[in-house]
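# Topology and contacts: notes
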Amino acid sequence: MTSVGASDETRERAELAVWFGGASLACWLCCPFWTLVCFIALPLGLVGLVRARVEYRASKSGRASRPRAVVGAALSLLGAMAAITYMIFLANHPDLPVQG
């Protein structure tokens, strides 16, 4: 956690939710092997959601940016939900990965 009088550089390093959320979505857009991507994107998305909650609570005391925390939560939620949806799809179609 950063203090109330922290510099912008320290504050930027402390706000990681956007990076985790962006990474969870970038995996889907950059890698064509979605069977592998879902196992990478889900942990990144969940860590991003936890980090966004921490940053949102820190924003109430002025230690973090509230809009960045909300954007990070949205990106992380999209990445995690895409991974969960794809895992459900794979569970319902077990022969699909074998065909590839």
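Bear in mind the structure is a predicted one, so any value in this text is a computation, not a measurement. (Residues numbered from 1 in each chain as written. Predicted model: local features only at pLDDT ≥ 70, side-chain atom pairs only at ≥ 80, totals over all residues. Heavy atoms only, no water.)

## Regarding the packing of helix α2 (residues 17-30) against helix α3 (residues 34-59)
For clarity, the cut-off: Inter-axis angles, ranging from 0 to 180 degrees, are taken between N-to-C directions of lines fitted to C-alpha atoms, where helices are fitted over the stretch in contact. Numbered from the N terminus, helices here are DSSP runs of H or I no shorter than four residues, and strands are runs of E no shorter than two. We call two directions roughly parallel when the angle between them is under 35 degrees, roughly antiparallel when it is over 145, roughly perpendicular when it lies between 65 and 115, and oblique otherwise. Crossing handedness: left-handed means the near helix sits turned counterclockwise from the far one by under a right angle, and right-handed means the same turn made clockwise. Here a residue-residue contact requires only that any non-hydrogen atoms of the pair lie within 4.5 Å.
Where α2 contacts α3, the axes come no closer than 8 Å and their chain directions differ by 165°. Taken together, the axes of α2 and α3 are roughly antiparallel relative to one another. The crossing of α2 and α3 is left-handed. Facing Ala17, Phe20, Ala23, Ser24, Cys27 and Trp28 of α2, the residues of α3 in contact are Trp34, Val37, Cys38, Ile40, Ala41, Leu44, Gly45, Val47, Gly48, Arg51, Ala52 and Glu55.

## Side note on the pattern of salt bridges
The condition is simple: A side-chain nitrogen of Lys or Arg and a carboxyl oxygen of Asp or Glu constitute a salt bridge if their distance falls within 4 Å. With a 1.4 Å probe rolled over the protein chains alone, any residue whose accessible area is under 20% of its type maximum counts as buried; one over 50% counts as exposed, and the rest are partly exposed.
For the structure on display, the rule yields 1 salt bridge. For Arg51, the salt bridge goes to Glu55, with nearest N and O atoms at 3.3 Å. Taken together, the residues Arg51 and Glu55, both in helix α3 and 4 residues apart, mark about one turn of the helix. Since its relative accessible area comes to 25%, Arg51 is described here as partly exposed. Judged by relative accessible area, which is 3%, Glu55 ranks as buried.

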